[in-house]
Amino acid sequence: MTAISHRDILTRLTKLAGPIMIGQIGTVLVSFADTFMIGHYGVSELAAASFVNNVTLILVLAGLGFSLGLTPLVSDAESKGDRRAVGGLLRAGLKVSSLFASAVAAILAILYLNLGRMGQPEELLPLIRSYYIVVAISILATFFFNTFKQFTDGTMRPTVSMVIIITSNLLNIAGNYVLIYGKCGFPELGLLGAGVSTLFARIFTVAAMAAYFFLNGKLGEYRKGFNAGGADRKTMADIARLGAPISGQMAMETASFSVIVILVGWLGTTALAAHQVMTTISQICYMMYIAVGSGAAILISSLNGQGLTKEVKMTARTAYVMTLGLTVVCSGIVLTAIRPLASLFTDSPEVIGLAITLVLPFILYQFGDGMQICFSNCLRGIQQVRPILPIAFVSYILISIPCSYLFGFVFDFGLRGVWFGYPISLTLAGMLYLTMFRRKQRETA
């Protein structure tokens with residue numbers, strides 16, 4: 001077998017991560033467009049959107065994590081040329097997603113009934129409730145899109161999801177314009193309009209992915225596997241076995257962010273709005289790191305299936321160097337341009353001034369965030385996902401939330417103190433994931 005060089009690894013990783021990165025950033029741009037347009041509509045609307053988006057983000061990312069269990073199985077079957085098996089995996093993945101969506105729908109309903117008990121400003125509750133309903137429905141659509149996306153990414157077709165996501169973003173921006181502000185004969189719906197636009201954009205992504213799979217003549221072998229019969233329980237169990245720990249990890253990480261946004265709500269409407277501004281900026285960086293991590297997981301899965309242990313280690317190292325470079329770029333941009341960036345989302349001097357105070361904890365946590373995303377995905381690539389859960393629990397639940405409360409309220413550092421919980425917990429998680437990946441590599445060497 002021809003040796004695979006570092007340059008080959010870098011080229012293959014870039015080809016995988018590039019389209020995924022564009023698509024992932026496109027996903028964040030839905031939130032970016034909402035925040036931009038809502039922020040200029042009103043501070044109360046921005047604060048309500050911050051609360052709903054942060055509280056429900058845990059379920060969005062838990063669903064994404066659950067679907068990620070499909071990727072290494074698809075990549076492994078694809079590397080062996082078994083396209084019918086890949087089609088069967090997609091069918092099983094959609095069935096698992098249906099079960100997961102049913103459970104999430106029940107959770108969303110319970111959360112809705114308890115919105116008034118979360119200590120948020122009373123004047124925001126009418127805005128929060130109406131926006132929450134349409135966002136909750138749209139979340140269920142993302143689960144099925146994510147499943148199709150793992151199929152296209154795992155079969156080395158990342159440009160498909162990229163194009164669909166970009167198109168949905170354009171639809172969402174247009175929908176925001178006409179529904180938030182009441183243009184082109186549509187009623188002025190404000191924050192609710194942003195939610196309705198996001199709902200239709202997410203439904204479009206599922207319809208477009210389904211059309212690509214079922215109507216594309218080049219995917220005939222995959223469809224034969226898909227249509228061969230019901231997904232067997234073992235296949236569904238394998239997807240759940242890999243997906244559940246990843247889902248749990250992402251859910252616990254996001255849970256810390258969701259609990260923290262409740263803490264931020266105790267500081268008032270201005271703090272919530274500033275938190276939303278910085279969270280939206282950070283999501284763009286986060287999705288860039290996720291893209292490299294996802295590309296690494298796909299490539300490592302393929303190499304691991306072929307028994308290329310040395311190349312797996314090379315890929316992990318290359319992925320981390322790429323991620324580290326991105327963290328430096330993101331941190332530099334925010335450090336030098338925070339005021340104009342914050343001004344994109346709001347005209348309020350109070351909100352902009354408070355957002356500027358978050359630059360230091362923002363920069364500090366980028367490096368830990370990049371590390372933990374990179375090496376948790378490397379573990380996913382070698383199908384070693386069980387160690388992820390205890391690390392996530394310690395880092396995101398036992399460390400992050402208490403530290404944010406301690407710095408924000410006990411030491412009375414306010415919003416800036418709340419944010420200092422992030423660099424501590426995420427850096428710890430990154431170091432533990434790295435240690436675990438190296439240990440698993442030594443065990444298989």
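Residues numbered from 1 in each chain as written. Predicted model: local features only at pLDDT ≥ 70, side-chain atom pairs only at ≥ 80, totals over all residues. Heavy atoms only, no water.

As recorded in an unreviewed UniProt entry, the chain goes by Multidrug-efflux transporter and comes from Candidatus Cryptobacteroides avistercoris. What UniProt records for the chain under Subcellular location (unreviewed entry) is the sentence "Cell membrane". (UniProt positions renumbered as here; feature names shortened; annotations may be inferred.)

Focus: the nonpolar core
When a protein is soluble and globular, its nonpolar side chains tend to lie buried together. The biggest cluster of nonpolar side chains holds 139 residues, and the ones touching the most others in it are Met-278, Phe-362 and Tyr-433. Looking at this core element by element, the count peaks at 20 residues for helix H10 (residues 269-305). (Core = buried A, V, L, I, M, F, W, Y, C linked by side-chain atoms within 4.5 Å. Buried < 20%, exposed > 50% of the residue type's maximum accessible area, 1.4 Å probe, protein only. Helix = DSSP H or I, 4+ residues; strand = E, 2+ residues; numbered from the N terminus.)

A closer look at the side chain of Glu-45
Along the chain, the position of Glu-45 falls in helix H2 (residues 43-67). Not counting chain neighbours up to four residues away, the residues in contact with Glu-45 comprise Ile-38, Leu-127 and Leu-191. (Contact = heavy atoms within 4.5 Å.)

What about the layout of surface pockets?
There is about 260 Å³ of room inside the largest pocket. Forming the boundary of the largest pocket are Lys-313, Ala-316, Arg-317, Tyr-320, Met-371, Phe-375, Leu-434, Phe-437, Arg-438, Gln-441 and Arg-442. Among the secondary structure elements, those contributing two or more residues to the lining of the largest pocket are helix H11 (309-343), helix H13 (359-381) and helix H16 (421-444). The element best represented in the lining of the largest pocket is H16, accounting for five residues. Partitioning the lining of the largest pocket into residue classes produces six nonpolar, one polar and four charged. Each pocket or cavity is described by its volume, and for the second largest pocket that value is around 160 Å³. Surrounding the second largest pocket, ten residues form its lining, Ile-281, Ile-284, Cys-285, Ile-333 and Leu-341 being those nearest its centre. Where the lining of the second largest pocket is concerned, the elements lending two or more residues are H10 and H11. At five residues, the largest contribution of residues to the lining of the second largest pocket is made by H11. Along the lines of polarity and charge, the residues of the lining of the second largest pocket split into ten nonpolar, no polar and no charged. (1 Å grid on protein atoms, 1.4 Å probe; cavity = no way out; pocket = protein on both sides within 12 Å on 5 of 7 lines; lining within 4 Å. Points joined across faces, edges and corners; volume = space filled by probe spheres on them. Nonpolar A, V, L, I, M, F, W, Y, C, P; charged D, E, K, R; others polar.)

Describing helix H5 (residues 125-154)
With 30 residues, H5 should cover 44 Å at 1.5 Å per step; its first-to-last C-alpha distance of 42 Å lies within 8% of that length. A maximum bend of about 25 degrees is found in H5 at Tyr-132. Across the 30 residues that make up H5, a large majority, 22, are buried. Once H5 finishes, Met-156 follows within two positions and takes phi at roughly 65 degrees, a positive value. (Expected span 1.5 Å × (residues − 1). Bend = angle between axes of the 7 residues up to and from the residue.)

Examining the packing of aromatic side chains
Tallied over the full model, the rule gives 21 aromatic pairs. With a centroid separation of 5.3 Å and 90 degrees between ring planes, the pair formed by Phe-151 and Phe-213 is classed as edge-to-face. Pair noted here: Phe-151 is in helix H5 and Phe-213 is in helix H7 (residues 191-215), with a separation of 62 residues, a long-range link. Phe-151 sits in the buried class, given a relative accessible area of 1%. Summarising the aromatic geometry, the rings of Tyr-405 and Phe-409 are spaced 5.4 Å apart at their centres and angled 25 degrees between planes, so their arrangement reads as stacked. Highlighted residues: Tyr-405 and Phe-409, both in helix H14 (residues 388-410), separated by four residues, approximately one helical turn. On the accessibility criterion, Tyr-405 (41% relative accessible area) is partly exposed. Arg-91 extends its terminal NZ or CZ atom over the ring of Phe-226, reaching a point 5.4 Å from the ring centre. (Phe/Tyr/Trp six-rings, centres within 6.5 Å; stacked < 30°, edge-to-face > 60°. Lys NZ or Arg CZ within 6 Å of the ring centre and 35° of its normal.)

Points about empty space enclosed by the protein
All chains considered together, the criterion is met by two cavities of 30 Å³ or more. When its volume is computed, the second largest cavity comes out at roughly 70 Å³. Lining of the second largest cavity is provided by Gly-63, Phe-66, Ser-67, Leu-70, Gly-93, Val-96, Ser-97, Phe-100, Phe-143, Thr-147 and Ile-239. Listed by contribution, the elements that provide at least two residues to the lining of the second largest cavity are H2, helix H4 (83-113) and H5. In terms of residue count, H4 provides more of the lining of the second largest cavity than any other element does, four residues in total. Within the lining of the second largest cavity, the residues separate by chemical class into six nonpolar, five polar and no charged.

A short note on the environment of Thr-147
Residue placement: Thr-147 occurs in helix H5. The spacing of Thr-147 and Ile-382 is 235 residues in sequence and 20 Å in space, taken between C-alpha atoms. If sequence neighbours within four positions are ignored, Thr-147 has contacts with Ser-67, Leu-70, Leu-90, Gly-93, Leu-94 and Ser-97. Among the polar contacts listed, one links the side chain of Thr-147 to the backbone oxygen of Phe-143, at a separation of 3.1 Å. (Polar contact = N/O pair within 3.5 Å; in protein donor to acceptor, adjacent residues only side chain to side chain.)

Notes on a positive patch on the surface
Taken together, the side chains of Lys-313, Arg-317, Arg-438, Arg-439 and Arg-442 make up a positively charged region of the molecular surface. Mapped by element, the contributors of at least two residues to the positive patch are H11 and H16. The element best represented in the positive patch is H16, accounting for three residues. By relative accessible area, Arg-439 is classed as partly exposed at 40%. (Patch = residues over 30% accessible without salt bridge, like charges linked within 9 Å, V, L, I, M, F, W, Y side chains within 5 Å. Areas by Shrake-Rupley, 256 points an atom, 1.4 Å probe, with all protein chains shown as cover. Salt bridge = Lys/Arg side-chain N within 4 Å of Asp/Glu carboxyl O. Lys, Arg positive; Asp, Glu negative; His and termini not counted. Charge placed at Lys NZ, Arg CZ, Asp CG, Glu CD.)

Quick word on the pattern of salt bridges
One pass over the structure, following the stated rule, counts six salt bridges. Between Lys-234 and Asp-238 there is a salt bridge; the shortest N-O distance is 3.1 Å. Of the two residues, Lys-234 and Asp-238 are both situated in helix H9 (residues 233-265); the distance of four residues between them amounts to about one turn of the helix. Linking Asp-238 and Arg-241 is a salt bridge whose minimum nitrogen-to-oxygen distance equals 3.9 Å. Within this pair, Asp-238 and its partner Arg-241 are both found in helix H9, separated by three residues, close to a single helical turn. Arg-241 sits in the partly exposed class, given a relative accessible area of 42%. A network of salt bridges, in which partner residues are shared, links Arg-84, Glu-221 and Lys-224.

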